[in-house]
Amino acid sequence: MKYVRFRDPAGAVRRGEYENGTVHFANESYALESDEIDVLPPSEPSKIVCIGKNYADHAAELDSEVPDRPMLFLKPPNALAAHGDTVTLPAGKDRIDHEAELGVVIGEQCRHVSEADAMDVVEGFTCVDDLSNRDDQQQEQNWIRGKAFDGAAPLGPVLATPDEVPADASVRTRVNGELKQDGTREQLIFSIPELIAEITTYITLEPGDVIATGTPKGVSALSDGDDIEIEIEGVGTLEHSVRIP
């Protein structure tokens, strides 16, 4: 099953079932790409827990070593952006990159979750673009300027239940129609159960929180007016554009 969170023509926030480009709620149906509804991020996370260098080929393209445990950092709610949004990027930067990532949406409050039980707390999967301001990321340790600026986490457009997403699901980015990233879920260094177990050793996860599981190789700098598509097999395609003032 797939779900879309949206604002209907009356302004009410709803969650409808999604099938073949159409969102169904009660007795109403709306085209996902229509002007009738505003597509919202599929959850309202209190935090987005991101994983750095969780693909060996991405670590290599950054001239970095593969970490011996998951590299964790946070994006706050102000970083959220939705399908169809135009994200205004920080001005005056030499390089801001796209990063396609499989997002794990948490379904219940949890702490100290074992790997064996980890998938029990997962509501579903979505697409994430971990927009990254490399200028500032390279100068700071906590990556606030580099990773947590407004709109730095486009999310959506749907939440797909785990059965919809293959174990080897493809993770791709296209910029202005050109393929930039092409990896798979099975290339993750640390699996989703391993990530949940590690994160909940330290942090209580709340319903709606998102884990961004890492990006494959092929990250590249964005330019003013670029259109980005983050496509994950079994989930769908998150589309957004960027503006650089």
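Residues numbered from 1 in each chain as written. Predicted model: local features only at pLDDT ≥ 70, side-chain atom pairs only at ≥ 80, totals over all residues. Heavy atoms only, no water.

### Side note on the domain arrangement of the chain
Applicable threshold: For the domains described, the bounds stem from an automatic or database domain assignment. It only takes one pair of heavy atoms within 4.5 Å for two residues to be counted as in contact. In short, buried area is how much 1.4 Å probe accessible area vanishes from two parts on joining, totalled over both.
Each domain of the chain was delimited in the assignment, giving domain 1 (1-39) and domain 2 (41-243). Of note, the centres of domain 1 and domain 2, computed from C-alpha atoms alone, are 24 Å apart. Each side of the interface is counted separately: domain 1 has 10 residues, and domain 2 has 16 residues. In total, about 1100 Å² of surface goes out of reach between domain 1 and domain 2, with carbon and sulfur atoms giving 45% of it. When residues of domain 1 are sorted by the area they lose upon contact with domain 2, Lys2, Arg5 and Val39 head the list and together hold 51% of the total.

### Let's talk about the UniProt feature "domain: Fumarylacetoacetase-like C-terminal" (unreviewed entry) in the chain
Selection rule: UniProt positions are given in the numbering used here, feature names are shortened, and annotations may be inferred rather than shown by experiment. For helices the rule is a DSSP run of H or I covering at least 4 residues; for strands it is a run of E covering at least 2, with both sets numbered from the N terminus onward.
The positions UniProt marks with the feature "domain: Fumarylacetoacetase-like C-terminal" (unreviewed entry) are residues 47-242. Taken end to end, residues 47-242 is 13% helix and 37% strand, and its first and last C-alpha atoms sit 23 Å apart.

### As for the nonpolar core
Applied cut-off: Working definition of a nonpolar core: buried Ala, Val, Leu, Ile, Met, Phe, Trp, Tyr and Cys residues. They are joined through side-chain atoms within 4.5 Å. Note on exposure labels: buried denotes an accessible area under 20% of the residue type's maximum, exposed denotes more than 50%, and partly exposed covers the range between, all computed with a 1.4 Å probe on protein chains only.
Counting 62 residues, the largest nonpolar core has Phe125, Ile196, Ile211 and Val235 as its most contacted members. Each of two domains, domain 1 (1-39) and domain 2 (41-243), supplies a minimum of three residues to this core. In contact with Phe125, other than residues within four places in its own chain, are Leu102, Gly103, Val104, Met119, Val158, Leu159, Ala160, Pro162, Val165, Arg185, Ile192 and Val235.

### A short note on the packing of aromatic side chains
Selection criterion: Aromatic pairing here means that ring centres of Phe, Tyr or Trp (its six-membered ring) are within 6.5 Å. Orientation follows from the plane angle: under 30 degrees is stacked, over 60 is edge-to-face, and everything else is tilted.
As enumerated under the stated definition, the model contains 3 aromatic pairs in all. Between Phe6 and Phe25 the ring centres are 6.4 Å apart and the planes differ by 80°, which places this aromatic pair in the edge-to-face class. Of this pair, Phe6 sits in strand 1 (residues 2-7) while Phe25 sits in strand 3 (residues 22-25), placing them 19 residues apart in sequence. Take Phe6: its relative accessible area is 0%, and that puts it in the buried class. The partly exposed category is assigned to Phe25, whose relative accessible area is 28%. Note on Phe73 and Trp143: the rings are 5.0 Å apart at their centroids and 65° apart in plane angle, and the pair reads as edge-to-face. Highlighted residues: Phe73 in strand 7 (residues 71-75) and Trp143 in the loop between helix 2 (134-137) and helix 3 (144-147), separated in sequence by 70 residues. Note on accessibility: Phe73 and Trp143 belong to one class, buried. Taken together through their ring pairs, the aromatic side chains of Phe6, Phe25 and Tyr30 make up a single cluster.

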